Amino acid sequence: MTFDHEKLDVYHAAVSLLGVASRLIARLPRGHAYFKDQLGRASLSIVTNIAEGAGEFMPNEKARFYRMACRSATECAAIFDACRALRLAEPAIVEEGRSLLLRIVGMLTGLAKRHQQAG
């Protein structure tokens, strides 16, 4: 048996992103706790909102959770960009995160639109 969210490719991509974000957080220099806290919260929010959306029965509510997850994903993208601009992270890890985020945002946008129209 599996949970509904475990059947979604976007959920697995979000869990992968959580790992990339965790690696970036571990490598951030001292004095940047605000980056660590914000990226940790935003990346976890993607995963949890996808799970909540998948478990919801009302189409409009499903769409709302997927939109919240999408907003958290774009927040993560901005944090990755800021880390790159300030040279706080290795370019490879930033690109790995951004690549996952582009996929995640695309999938979440599609899910949100589909469920919004159904409601």
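In what follows, the accompanying structure is described.

Reading the values: rules and limits
- Residues numbered from 1 in each chain as written.
- Predicted model: local features only at pLDDT ≥ 70, side-chain atom pairs only at ≥ 80, totals over all residues.
- Heavy atoms only, no water.
- Salt bridge = Lys/Arg side-chain N within 4 Å of Asp/Glu carboxyl O.
- Helix = DSSP H or I, 4+ residues; strand = E, 2+ residues; numbered from the N terminus.
- Buried < 20%, exposed > 50% of the residue type's maximum accessible area, 1.4 Å probe, protein only.
- Phe/Tyr/Trp six-rings, centres within 6.5 Å; stacked < 30°, edge-to-face > 60°.
- Lys NZ or Arg CZ within 6 Å of the ring centre and 35° of its normal.
- Axes fitted to C-alpha atoms, helices over the stretch in contact; angles between N-to-C directions.
- Parallel < 35°, antiparallel > 145°, perpendicular 65-115°, else oblique.
- Left-handed = near helix turned anticlockwise from the far one by under 90°.
- Nonpolar A, V, L, I, M, F, W, Y, C, P; charged D, E, K, R; others polar.

1. Examining the pattern of salt bridges
Here's step 1: Within this structure, the stated rule accounts for 7 salt bridges.
Here's step 2: The salt bridge involving arginine 23 is made with glutamate 96; its shortest N-O contact spans 2.5 Å. Highlighted residues: arginine 23 in helix 1 (residues 9-27) and glutamate 96 in helix 4 (residues 91-118), separated in sequence by 73 residues.
Here's step 3: Take arginine 23: its relative accessible area is 35%, and that puts it in the partly exposed class.
Here's step 4: Of the charged contacts in the structure, one is a salt bridge between aspartate 81 and arginine 98, with a shortest N-O distance of 2.8 Å. Of this pair, aspartate 81 sits in helix 3 (residues 59-85) while arginine 98 sits in helix 4, placing them 17 residues apart in sequence.
Here's step 5: Residues joined by salt bridges that share partners form a network here, namely Asp81, Arg84, Glu95 and Arg98.

2. Section: the packing of aromatic side chains
Here's step 1: As enumerated under the stated definition, the model contains 1 aromatic pair in all.
Here's step 2: Aromatic side chains tyrosine 34 and phenylalanine 35 sit 4.8 Å apart centroid to centroid with 40° between the ring planes, which places their arrangement in the tilted category.
Here's step 3: Phenylalanine 35 sits in the buried class, given a relative accessible area of 9%.
Here's step 4: Geometry around phenylalanine 65 places arginine 64 over its ring, the cationic atom sitting 4.8 Å from the centre.

3. Some points on the packing of helix 2 (residues 33-55) against helix 3
Here's step 1: For the pair helix 2 and helix 3, interaxial distance at closest approach is 8 Å and the crossing angle is 160°. Looking at the two axes, helix 2 sits roughly antiparallel to helix 3. Once helix 2 is placed against helix 3, the crossing between them reads as left-handed.
Here's step 2: Classifying every residue of the contact of helix 2 with helix 3 gives 16 nonpolar, 7 polar and 3 charged.

It is worth stressing that arrangement in space is one thing and function is another; only the former is reported here.
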